[in-house]
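Examining the three-dimensional arrangement
Chain residues, written in single-letter form:
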Amino acid sequence: MDHGDLLRVPDKVLQRTAAWCFDIVTPRQSRSSCFTSSYGRLVRGTGSILYMGATKNDGNDNDTAVAAQDNAKEAEKSSIADDSKRDAWQLVAPEDRHFDSNAWMKEVDASQLRYFSGMEMARLFGFAGQFSFPNHTSLKQQWKLMGNSINSRLASRLILLGLIILLQEDSGTDSSP
């Protein structure tokens, strides 16, 4: 199901004072914030949004990653909470973000911001390729369901570890080194 314009972050949301709290990621990045069941309804701490526009660092991902790491290390060393010292695409905990009503939009074309689709979130959570939502499931329902989910690969590993521990206990085997 194509949600097209429904994924675009509405102007009324971008104009809210809380909009500076968005965690904005690009398709080239391999991280996102934790998604919650409030994704799409609230801004702060509910999950990343996707920036589909060009960035000034699109030429070389390695340079971008190294520059972001260097900026983060430098900011940590100096204990400066100045947003100008960090890369625009670096993940910052919501409680460590500092309000600047316009600074967060300097490198961002607001028309290129969108929410993740339910299927994109499912892929990030490790759901199998054949996974799909029922046809009648709205986008907001998909977000809520995925926001209440955990990564399926992690869950399967935890279950496996739990089973191994239970089997070892049942057999009387000591698993400690």
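Bear in mind that the values here come from a model prediction, so they are computed numbers and not experimental data. (Residues numbered from 1 in each chain as written. Predicted model: local features only at pLDDT ≥ 70, side-chain atom pairs only at ≥ 80, totals over all residues. Heavy atoms only, no water.)

1. What to know about helix H4 (residues 139-147)
Among the residues making up H4, those that are buried are Leu139, Gln142, Trp143, Met146 and Gly147. With its buried residues spanning 125 degrees around the axis, H4 presents them on a single face. Facing away from the buried side of H4 by over 90 degrees, the exposed positions are Lys140 and Leu145. Where H4 is buried, its residues touch helix H3 (118-124). (Buried < 20%, exposed > 50% of the residue type's maximum accessible area, 1.4 Å probe, protein only. Helix = DSSP H or I, 4+ residues; strand = E, 2+ residues; numbered from the N terminus. Arc of directions from axis to C-beta. Contact = heavy atoms within 4.5 Å.)

2. Observations regarding the packing of aromatic side chains
Inspection of every chain in the model, using the stated rule, returns eight aromatic pairs. Taking the centre distance of 5.0 Å and the plane angle of 55 degrees together, the rings of Tyr115 and Trp143 count as tilted. In this pair, Tyr115 sits in the loop between strand S3 (113-114) and H3 while Trp143 sits in helix H4, placing the two residues 28 residues apart along the sequence. Here Tyr115 matches Trp143 in class, with each residue buried. (Phe/Tyr/Trp six-rings, centres within 6.5 Å; stacked < 30°, edge-to-face > 60°.)

3. Considerations on the pattern of salt bridges
With the rule as written, the count across this model stands at three salt bridges. Arg8 serves as the salt-bridge partner of Asp11, at 3.3 Å between the closest nitrogen and oxygen. Residue Arg8 is classed as partly exposed on the basis of its relative accessible area, which comes to 30%. Arg31 is paired through a salt bridge with Asp23; the nearest N and O atoms lie 2.9 Å apart. Among the residues examined, Arg31 registers a relative accessible area of 24% and is labelled partly exposed. When its relative accessible area of 6% is taken as the criterion, Asp23 is described as buried. (Salt bridge = Lys/Arg side-chain N within 4 Å of Asp/Glu carboxyl O.)

4. Structural notes on a nonpolar patch on the surface
A cluster of nonpolar side chains, Ile159, Leu163 and Leu166, forms an exposed patch at the surface whose accessible area comes to about 300 Å². On the secondary structure map, Ile159 appears in helix H5 (residues 152-171). (Patch = residues over 30% accessible without salt bridge, like charges linked within 9 Å, V, L, I, M, F, W, Y side chains within 5 Å. Areas by Shrake-Rupley, 256 points an atom, 1.4 Å probe, with all protein chains shown as cover.)

5. A look at H5
Taking 1.5 Å as the rise per residue, H5 with 20 residues should run 28 Å; its terminal C-alpha atoms sit 28 Å apart, in good agreement. The opening residue of H5, the one whose side-chain oxygen lies 2.8 Å from the backbone nitrogen of Arg153, is Asn151. At the exit of H5 stands Gly172, carrying a positive phi of roughly 80 degrees. (Expected span 1.5 Å × (residues − 1). Polar contact = N/O pair within 3.5 Å; in protein donor to acceptor, adjacent residues only side chain to side chain.)

6. Describing the sheet that holds strand S1 (residues 23-25)
Strands sit in the order S1-S2-S3 across an open sheet of three strands; the sheet is mixed. Both edges of this open sheet fall to S1 and S3, since each of them pairs with a single strand only. Taken together, the three bridges between S1 and strand S2 (residues 48-51) define a ladder with parallel strand orientation. Bridge pairing in S2 links Val25 to Leu50. (Pairing = 2+ DSSP bridges.)

Distances and angles like these do not, on their own, reveal function.
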